[in-house]
Amino acid sequence: MTADTDRVLFFDTTLRDGEQALPASLSAKEKLQIALALERLGVDIIEAGFPVSSPGDFASVKTIAQSLRTAIPCGLARALPADIEACSDALKSASRFRIHTFIATSDIHVNAKLRKSQQQVVEMAVAAVKHARRYTDDVEFSCEDAGRTHIDYLCRMVEAAINAGASTVNIPDTVGYTTPTEFAGIIESLFNRVPNIDNAVISVHCHNDLGLAVANSLAAVEKGARQVECTINGIGERAGNCALEEIAMILKTRQSHLNLECNIRSTEISRTSKLVSQLCNMPVQANKAIVGANAFSHSSGIHQDGVLKAQNTYEIMTPESVGINKNLLNLTSRSGRHVIKHRLTELGYQSTDYDLDTIYQAFLQLADKKGQVYDYDLEALLFFDQQKHEQ
Ligand code: KIV
Ligand code: ZN
């Protein structure tokens, strides 16, 4: 798959990098449910699993590959013949599929983990890409721990992988170590120094150990990367991966600044997030960007008054744009008269049904005692007020 110069491809790895970090694995049925939701969301490539890792993973990659219609199914393989064969076997029923093969390139990994020379690692990478190309022309190669790889060696590896036939080359910040400026510099150097770079899509895969996965992915995209690897709700190894919903909404919300498109249907974001959270048993923190329970809720009276006058005073995107019905105005002691009147109108009361000043004073007393005031509390205040007048 090639990328337009102004379109960023979304490669989702919720079912591989995300799933491998869960305390309990998902069933084949649950994985299929997630894959279909990702397809509905508009994900371009779905990494369905790591077929050689277990018979269960092989079977679920196979089922997902048979079930997808528009998204491209993908499987992970180390740079080893058995992994690539397993990947191809699991995916081959699909009309198009991607084999994603990888090997580590940083000194730490090459010396301590692989215990090979740099030349041997290049040879393994080239052999793996060529092997995968026997089964599909959609081959992705990843330089694991690229973020900590010497740039000269990274350039050499990327050039060799593209020459061997990789159509996508992925630059992972496997341990979430780089800063946005550094990571942008790596991508920029690759574009400046690798002679055949235009023959492949440059992808990025950022982990969140320092909370920079999304920022690093964005920095890379601004330097020309045209595929981002991400997961729903940012689930993944350790502190997780780049959160799909965040990078997608950055591209959409700042479209006029970034001038980049993507195929994500943002109105599917909320329900996909909920599905993944429920099936993976991974709650989403309330203040999480885009999909947290508080992402579209306003508590301060000044903010509430502002959004009631013009939504964009305190909302840079609408809740509807991510598939949430409407924003929430939390009724607390910081809320003003305006929002109380607004909520009572929403609940079906006319302004002639109550005296706003009286209800507001009663509301403040209650809010000071209990914090958040709910609709049923407001209705009770109205009821008691009416009873007083009837006595
Ligand atoms: O984090 C990583 O480097 C990976 C690779 C397999 C792409 O997940
Ligand atoms: Zn990863």
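What you are looking at is a predicted structure, and each value in this text was computed from that prediction instead of being measured.

Turning to the overall build of the protein, a few remarks are in order. A count of helices and strands for the protein gives 16 helices and 10 strands. Across its three principal directions, the C-alpha atoms of the protein cover 90 × 40 × 35 Å. Burial status across the protein gives 45% buried among its 391 residues. The contacts of the protein with a sequence gap of at least 6 include a subset with a gap of at least 24, amounting to 72%.

Before going further, it helps to examine the UniProt feature "binding site: Mn(2+)" (unreviewed entry) in the protein. Taking the UniProt record as the reference, the feature "binding site: Mn(2+)" (unreviewed entry) is found at Asp17, His205, His207 and Asn241. In terms of the greatest pairwise C-alpha distance, the residues named above, spread along 225 residues, form a tight cluster of at most 10.3 Å across. Within the element layout of this structure, Asp17 appears in helix H1 (residues 14-18). Taking the C-beta count within 10 Å as the criterion, Asp17 has 23 such neighbours and is therefore assigned buried. Among residues more than four places away in sequence, those in contact with Asp17 are Thr231, Gly236, Glu237 and Asn241. Residue placement: Asn241 occurs in the loop between strand S8 (227-230) and helix H10 (244-253). The contacts of Asn241, once residues within four sequence positions are left out, are Thr13, Asp17, Gly18, His207, Asn208, Ala213, Cys230, Thr231, Gly234 and Gly236.

A few words on the environment of Ala213. Looking at where Ala213 falls in the secondary structure, it is placed in helix H9 (residues 213-222). With 29 C-beta atoms packed within 10 Å, Ala213 lands in the buried category. Put simply, Ala213 and Arg69 are 144 residues apart on the chain and 30 Å apart in space, counted from C-alpha to C-alpha. Those residues in contact with Ala213 that sit more than four places away from it in its chain are Gly176, Cys206, His207, Asn208, Gly234, Asn241 and Cys242.

Low-pLDDT portions of the prediction should not be read for the details of their coordinates. Counting all residues, the mean pLDDT for the protein is 97, and 99% of those residues have values of 70 or more. Predicted complex metrics record ipTM = 0.99 and pTM = 0.96.

Mapped onto this numbering, the UniProt entry gives "domain: Pyruvate carboxyltransferase" (unreviewed entry) at residues 8-270. Spanning residues 8-270, this segment combines 46% helix with 17% strand, and its end C-alpha atoms are found 21 Å apart.

What follows concerns the site of ligand 1. Taken together, Asp17, Phe102, Ser142, Glu144, Asn170, Pro172, Thr174, His205 and His207 make up the full set of residues near ligand 1. For the shell around ligand 1, the secondary structure elements donating two or more residues are strand S5 (139-144) and strand S6 (168-173). Its residues assigned to classes, the shell around ligand 1 comprises two nonpolar, five polar and two charged.

Right, let's talk about unusual backbone geometry for a bit. The phi torsion at Asn233 lies on the positive side, around 60°, for a residue other than glycine. Secondary-structure assignment places Asn233 in the loop between S8 and H10. Since 27 C-beta atoms lie within 10 Å of it, Asn233 is described here as buried.

The next subject is H10. Burial within H10 is extensive, with eight of its 10 residues counted as buried. Buried within H10 are the following residues: Leu244, Glu245, Glu246, Ile247, Ala248, Met249, Ile250 and Leu251. Buried positions along H10 lie against strand S1 (9-12), H9, S8, helix H11 (255-258) and helix H12 (269-280).

On to the packing of helix H7 (residues 151-164) against helix H8 (residues 180-193), then. Close contact between H7 and H8 brings their axes to 10 Å; oriented N to C, the two are set at 55°. When the axes of H7 and H8 are compared, the pair comes out oblique. Seen from above, H7 lies across H8 with right-handed handedness. Judged by residue contacts, Ile151, Cys155 and Val158 of H7 engage Ile186, Ser189, Leu190 and Arg193 from H8. Taken together, the residues of the contact of H7 with H8 break down into five nonpolar, one polar and one charged.

Think of a sheet as strands paired side by side through backbone hydrogen bonds, with each pair either parallel or antiparallel. Spatially, the eight strands close up into a barrel ordered S1-S2-S3-S4-S5-S6-S7-S8, and their pairing is parallel. Going from strand to strand, the sheet's axes swing by 25° on average, the running direction of each strand aside. Across four bridges, the pairing between S1 and S8 is parallel. Residue pairing for S8: Phe10 is matched across the bridge by Val228. Packed onto the sheet, helix H6 (residues 118-133) meets strand S4 (98-104) and S5 and runs at close to 175° relative to S4.

Another aspect to go through is the nonpolar core. In summary, soluble globular proteins display a tendency toward joint burial of nonpolar side chains. Phe10, Ile46, Ala125 and Ile247 are the most contacted members of the largest nonpolar core, which totals 100 residues. The element that contributes the greatest number of residues to this core is H9, accounting for seven residues. Beyond its immediate chain neighbours, meaning those up to four positions away, Ile46 contacts Asp12, Leu15, Ala35, Leu38, Glu39, Ile64, Leu68, Ala71, Pro73 and Cys74. Membership of the second largest hydrophobic core comes to 11 residues, among which are Val339, Ile359, Val373 and Leu381.

A separate point is the pairing of S6. Within S6, six of the six residues are buried, which leaves the element mostly enclosed by the surrounding structure. On S6, burial covers both faces: Thr168, Asn170 and Pro172 on one face and Val169, Ile171 and Asp173 on the other are all buried. Sheet topology note: the S5/S6 ladder contains three bridges and is parallel. Counterpart to Ser142 in the pairing with S6 is Asn170. Between S5 and its parallel partner S6, the chain crosses via H7, and the hand of that crossover is right-handed. The pairing of S6 with strand S7 (residues 201-206) spans six bridges and is parallel. Within S7, the residue paired with Asn170 across the bridge is Ser203.

Parameters and conventions
Residues numbered from 1 in each chain as written. Chains lettered and ligands numbered in written order. Predicted model: local features only at pLDDT ≥ 70, side-chain atom pairs only at ≥ 80, totals over all residues. Helix = DSSP H or I, 4+ residues; strand = E, 2+ residues; numbered from the N terminus. Buried ≥ 20, exposed ≤ 12 C-beta atoms within 10 Å, placed from the backbone. Contact = placed C-beta atoms within 7 Å. UniProt positions renumbered as here; feature names shortened; annotations may be inferred. pLDDT = per-residue confidence, 0-100. Near = placed C-beta within 6 Å. Nonpolar A, V, L, I, M, F, W, Y, C, P; charged D, E, K, R; others polar. Axes fitted to C-alpha atoms, helices over the stretch in contact; angles between N-to-C directions. Parallel < 35°, antiparallel > 145°, perpendicular 65-115°, else oblique. Left-handed = near helix turned anticlockwise from the far one by under 90°. Pairing = 2+ DSSP bridges. Core = buried A, V, L, I, M, F, W, Y, C linked by C-beta atoms within 7 Å. Right-handed = clockwise from strand over helix to strand, strands pointing away.

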